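So the chains spell out like this:
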Amino acid sequence: MSSVLASGALGQLASTTFWQLDAAPLAALALSSVTLAILGCFLVLRRQALFGDALAHAVLPGLVVAWLITGSRGPLAMFLGALGAGLVTSALTLVVTRYGRVERGAALGVVFTGLFALGVVLIETTGARQVDLDIGCVLSGQLELLVWPGVTSARDLLDAATWRSLPHSVPALALVHVLTLAFVLGARRPLALAIFDPRFARSIGARPGVCGGALYGLVTVAVVASFEAVGSILVVGLLVTPAATLRLAAPRAAGNLGQLVGGAALLGLVTALAGYGIAVGLGPLAGLGTLDAAGTVTTLGGVVLGVVAVTCRVRQ
Amino acid sequence: MDGLCEVLTLRGGFNTNVVLAGATLLGLAAGVVGTFAMLRERSLVADALSHAALPGVAGAFLAASAFGFTGRSLPLLLLGALTSGLLAAGAIEALTRRTRLAADAATAVVLASSFGLGTVLLGLAQRAEGGGQAGLAGLVFGRTAGMLTRDAYLMGALAIVALAAAAALGRAFSVVAFNERFARTTGLPVRALDTALAALVALVTLAGLQAVGMLLVVALLVAPPAAARLWVTEVRTLASVAGALGAVSGFVGVALSATLPNAPAGAVIVLVASALFAASLVLSPTRGLVAVARRRRVLAQAARAGQPVVEAAP
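Residues numbered from 1 in each chain as written. Chains lettered and ligands numbered in written order. Predicted model: local features only at pLDDT ≥ 70, side-chain atom pairs only at ≥ 80, totals over all residues.

Draft legend 1. Up close: the overall build of chain A. Helix and strand counts for chain A stand at 15 helices and zero strands. For chain A, buried positions account for 53% of its 316 residues. A fraction of 71% describes how many contacts in chain A between residues 6 or more apart in sequence connect residues 24 or more apart. (Helix = DSSP H or I, 4+ residues; strand = E, 2+ residues; numbered from the N terminus. Buried ≥ 20, exposed ≤ 12 C-beta atoms within 10 Å, placed from the backbone. Contact = placed C-beta atoms within 7 Å.)

Next up, the structure:
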């Protein structure tokens, strides 16, 4: 894979390898980082930061069931299976939290580990193992596999045929991105009410449950769409780290929902692109070869948060 | 079915019995330790610890290879996993205690970044040498085939240690969980106790590392205590019931997986634990879905009949 940083970003724009190997991963990263950072703010505020991690495991039985029903491992079947399992996870967590009266973390833990175990057993007993449907395919990133063969230079972008060979997850992520922006901008007042003061919302006739449900539905769609493109561990990191970092670095600004969401989106984007640059640019320079980009981005996010946590504490 | 009876009545042969005993002990220890983790609202710390094992394992492998040792030594890899797990637990504690982050956000951040670091290191390890690194990831994700007696001995030994520590510190743990301020004024070392609890969780997670799989051992720490909480409230009883439910999950899970073709033991154990939780959620006489629905109906009838409505505390 070519390096973006090593020989200058501008020079790279002309190179074929950049367009074929780096353009689609960068686009997927940019789209999913902004989408997930925005939605992650709401999860952090609702103290459901581990929801993404729970989904990452809980989608497994959905994938197997979708394969059993359709007999295909195609992206649409997998997406629908994962989406179904994700919605089941949300609903079950809600039931367990409300009626089981267990702490939210424990409720989430019971639901997602149970579903994950169900997925593992289904894989082993239904013969899904033989079609290469394994735990790895949901747990490891596929960012490096987003190859765009039909493009050789920037000039090709004007040609419609070029776009046909674009990996399908990039337009899918773009669609989810637009949906997210529309929802968060369009429903920002009811959303803020539902999160900060659901009782007041109910008393003035609003339906905070509906708004919260829509939010979780959207999170599930965004997370599932991102799994395939960037890998599940990156999804967990991109969801939570920007919002959490911002709460540490600028607590006052993070108290304002609009500033928190905007800032997290920006921070998520910068971290994602910088992490990718480190993976494909600095890695080879340091003699390590290209690094795992999903891992580099999440690690970078954690390091930034750690530095912020230490320095902000000193300042206090 | 005959096979299942045979295994359940300990007539399945020596190796099967060793595995049964190991899994039962692990379930018992996980249930007891998990109870205190749940009361302290640290249930999902185990989730972060299990993910944090990956950088430890891969890092230990890389370090050993760099110094010319063979990277495949199991004790070394486990030591790496334990070290990184404890570092992650420390990071979560520090973030929760000293910053404005809530426990869930701190856990998620540490989980994601340590696992991300793990994938980077694993990638390097896979490139470093041909073949030597095979199975490194399997160490973390668990064996999907049957359990070995070697796993069972390790599991049993670690579980006994964790159990003894939990029994000794249980009282102090529950004081800290229910009233941290009181614990502090009576001179209990709150921070040390929290660290000890995290270390116990790490120990149980490590015990289940190879046999159950690190991602699934989380379930053993979470589901039995959550199920027990639906039946009983007093802490000592809670820990005992949770331990018993965990032990039953381990025992029945191993027995089932020994008789079903291709069923991986770890996942079956977790499914049994989840089924016990689901049954408790429906059937518990005070908090179960059935009991709640019945109570609502009685109250609604009383209200319609114009009688005074007094709800008994569940």
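Draft legend 2. Fine view of the confidence of the model for chain A. Residue and element names in this part refer to chain A. With 89% of its residues at a pLDDT of at least 70, chain A reaches an overall mean of 80. The least confident element of chain A is helix α6 (residues 136-139), whose mean pLDDT is 51; the most confident is helix α12 (residues 232-249), at 89. Note that pLDDT drops below 50 for residues 1-6; the model gives that stretch 25 contacts with residues more than four away or on any other chain. (pLDDT = per-residue confidence, 0-100.)

Draft legend 3. Inspection of the nonpolar core at higher detail. Formed by 218 residues in total, the largest nonpolar core has its most connected members in A28 and V240 of chain A together with A29, V33, V201, V204 and L221 of chain B. Considering each element in turn, this core owes the most residues, 20 residues, to helix α2 (residues 16-45) of chain A. Every residue in contact with A28 of chain A, bar those within four places of it in the chain, is listed here: L143, L146, S169, V170, L173, A229 and V230 of chain A. (Core = buried A, V, L, I, M, F, W, Y, C linked by C-beta atoms within 7 Å.)

Draft legend 4. Geometry of the confidence of the model for chain B. Averaged over every residue, the pLDDT of chain B is 83; the share at 70 or more is 87%. In the predicted complex, the global pTM is 0.84; the interface-specific ipTM is 0.85.

Draft legend 5. Highlighting the interface of chain A and chain B. In this assembly, 50 residues from chain A lie in contact with 51 residues from chain B. Where the side of chain A that touches chain B is concerned, the elements lending two or more residues are α3 (51-70), α4 (75-100), α5 (104-126), α12 and α15 (293-315) of chain A. Tallying contributions element by element places α5 of chain A first for the side of chain A that touches chain B, with 13 residues. Here the side of chain A that touches chain B is built from residues that sort into 25 nonpolar, 17 polar and eight charged. (Nonpolar A, V, L, I, M, F, W, Y, C, P; charged D, E, K, R; others polar.)

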